[in-house]
Amino acid sequence: MSIDNLIANVIRADVRAAGAYVVPDASGFIKLDAMENPYELPAELRQELGQRLADAVLNRYPVASYATLKEKVKNKLGIPAGFDVMLGNGSDELIQIVTTTVASQERRASVLAPVPAFVMYARSAQFAGADFVGVKLKADFTLDMEAMLAAIALHRPAVVFLAYPNNPTGNLFAVEDIEAILHAQGEHGIVVLDEAYQPFARETFMDRVKEFENLVVMRTVSKLGLAGIRLGYMTAAPELLAEFEKVRPPYNVNVLTQVAAEFVLEHIDVLDAQAASINAERERLSAELAALPGVEVFASSANFILLRVPDAAAVCAKVYDARVLIKNLSKMHGMLANCIRVTVSTPEENSAFLNALKAALTQA
Ligand SMILES: *Cc1c(COP(=O)(O)O)cnc(C)c1O
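Residues numbered from 1 in each chain as written. Predicted model: local features only at pLDDT ≥ 70, side-chain atom pairs only at ≥ 80, totals over all residues. Heavy atoms only, no water.

1. Some thoughts on the packing of aromatic side chains
Test applied: The criterion for an aromatic pair is that two Phe, Tyr or Trp rings (for Trp, the six-membered ring) have centres within 6.5 Å, with stacked assigned to planes under 30 degrees apart, edge-to-face to planes over 60 apart and tilted to the rest. Here's how the labels work: a residue is buried when its accessible area is under 20% of the maximum for its type, exposed when over 50%, partly exposed in between, all with a 1.4 Å probe on protein chains only. Each helix is a run of H or I in the DSSP string that is no shorter than four residues. Each strand is a run of E no shorter than two, and both are numbered from the N terminus.
This structure, assessed with the given rule, holds seven aromatic pairs. A centroid spacing of 5.6 Å and a plane angle of 80° characterise the contact between phenylalanine 118 and tyrosine 121, whose relative ring orientation is edge-to-face. Like tyrosine 121, phenylalanine 118 is buried. Measuring from centroid to centroid gives 4.5 Å for tyrosine 121 and phenylalanine 161, while their planes differ by 5°, and the two rings are stacked. With a gap of 40 residues between them, tyrosine 121 in helix α6 (residues 119-128) and phenylalanine 161 in strand β5 (residues 159-163) connect regions that are remote in the sequence. Residue class for tyrosine 121 comes out buried when judged on its relative accessible area of 1%.

Shown next as structure tokens:
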């Protein structure tokens, strides 16, 4: 009996070949690599939340309908009247559910997204047994519509994922380009608009689910300030949502998440104010970065900034030595050579990053 043989016998070849999703240890670092909101809830709200959590019923399964949480999400987060939401254990799970719902053994499905894009689209497609088609963005990170429409006609993707704004580039795609993709997909395919950064972009396709039956609008509370509770939600035509619901594990959102989300949504103004100050810092940080010699800054509508430096590996190593964690994207895609992504944080943490970067640029 050898464990290597066991693995070779039972584990899928593509899973064996895959790398793990690596998350670096951040203890002792200023953490600017994961688009988290740096602000915690005010102390008095945390106190009150503590009481609510103490009252949570932990010995029972969650109420399967999630009716109260869904009502809160619909009322507080701008879901159009008459539309329901489906909840996920983070939007990562919703991405997985969408890809699983379209892929099957007898009918091989394709999943398409512009690249560079959020890595979970390709990963989820692969593990669901679907083909992933990546269509290169133009050099300015806008959609290459000629290539997109040609790839849609050729591959007939069951799903097109569009992050709006896009991660890791930070820009919003043009509304008319997204409309053209919705029309090109028509009754042959879904378009998932992933609005993870909507709290910062303040732009949305949410109301347009009324107009496009193939549109799914997906969001998360992670980037807004609740990454730890793992809650995503999505809206679409009721008939379509009903199909995805069959694939969702019945108790995928736990009771503690439910209680915490219901409580914080009652105080959504606190998170909105935090997002507004992050947006203001984004503008300051972008301007200061753009003034540095050799640094190219890309416009962002999200809570992170993409920049290009002369030598990303050297810069990231120096910034790391200064105990600031950022993300080197150089290896993610050829278009991102020497690009790094930094989360916009508090004025103090942003300044610490700026100082570390300035020092790194002069030493490099
Ligand atoms: C961060 C991110 C997500 C994941 O959100 P979770 O709800 O935390 O799983 C989804 N889509 C994009 C584009 C993201 O950047």
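2. Here we look at the nonpolar core
Operational definition: Working definition of a nonpolar core: buried Ala, Val, Leu, Ile, Met, Phe, Trp, Tyr and Cys residues. They are joined through side-chain atoms within 4.5 Å.
In this structure, Met148, Leu162, Ile181 and Tyr233 are the most contacted members of the largest nonpolar core, which totals 57 residues. A total of five residues in this core trace back to one element, the largest contributor, which is helix α12 (residues 255-265). By size, the runner-up hydrophobic cluster in this structure holds 31 residues, among which are Leu32, Val295, Ile305 and Ile326.

3. Here we look at a nonpolar patch on the surface
Here is the rule: The patches described consist of residues with a relative accessible area above 30% and no salt bridge, like charges being joined within 9 Å and nonpolar side chains (Val, Leu, Ile, Met, Phe, Trp, Tyr) within 5 Å. Accessible surface is estimated by sampling points in the Shrake-Rupley manner with a 1.4 Å probe; for residues, cover comes only from the protein chains shown. A pairing counts as a salt bridge when a side-chain nitrogen of Lys or Arg comes within 4 Å of a carboxyl oxygen of Asp or Glu.
On the surface, Met1, Ile3, Leu6, Ile7, Val10, Ile11, Val15 and Phe127 cluster together into a nonpolar patch covering about 750 Å² of accessible area. By residue number, the principal contributor to the nonpolar patch is helix α1 (residues 3-10), which donates four residues. With respect to the helices and strands, the residue valine 15 is situated in helix α2 (residues 13-17).

4. Considering the packing of helix α5 (residues 91-102) against helix α11 (residues 238-247)
For clarity, the cut-off: The convention used is that axes are lines fitted to C-alpha atoms, helices contributing only their stretch in contact, and that angles between N-to-C directions extend from 0 to 180 degrees. An angle below 35 degrees is read as roughly parallel, one above 145 as roughly antiparallel, one from 65 to 115 as roughly perpendicular, and any other as oblique. It only takes one pair of heavy atoms within 4.5 Å for two residues to be counted as in contact.
As a packed pair, α5 and α11 sit with axes 9 Å apart at the nearest point and diverge in direction by 100°. Between α5 and α11, the crossing angle belongs to the class labelled roughly perpendicular. Of α11, the residues touching α5 (which contributes Ile97, Val98, Thr100 and Thr101) are Glu243, Phe244 and Val247.

5. Section: the pattern of salt bridges
Opposite charge on two side chains permits them to pair, given that their charged atoms come into close proximity. Scanning the model with the defined rule gives 22 salt bridges in all. The closest approach of N and O atoms between lysine 31 and glutamate 36, which form a salt bridge, is 3.3 Å. Judged by relative accessible area, which is 27%, lysine 31 ranks as partly exposed. Judged by relative accessible area, glutamate 36 falls into the partly exposed class, the value being 32%. A salt bridge links arginine 208 to glutamate 211; its shortest N-O distance comes to 2.8 Å. Ionic contacts of the salt-bridge type, sharing partners, join the residues Lys70, Glu71, Lys74, Asp84, Glu245 and Arg248 into one network.

6. Examining the environment of threonine 362
Stated precisely, the cut-off is as follows: In protein, a polar contact means a hydrogen-donor-capable atom and an acceptor-capable atom, both N or O and within 3.5 Å, with residues adjacent in sequence counting only if both atoms are side-chain atoms; elsewhere, any N or O pair within 3.5 Å suffices.
By secondary structure assignment, the location of threonine 362 is in helix α15 (residues 347-363). Classification of threonine 362 as exposed rests on a relative accessible area of 67%. Taking the C-alpha atoms as reference points, threonine 362 and valine 315, 47 residues apart in sequence, are found 9.7 Å from one another. Within the local environment of threonine 362, its side chain forms a polar contact with the backbone oxygen of alanine 359, the two atoms lying 2.9 Å apart.

All quantities given are derived from atomic positions and should not be read as evidence of function.
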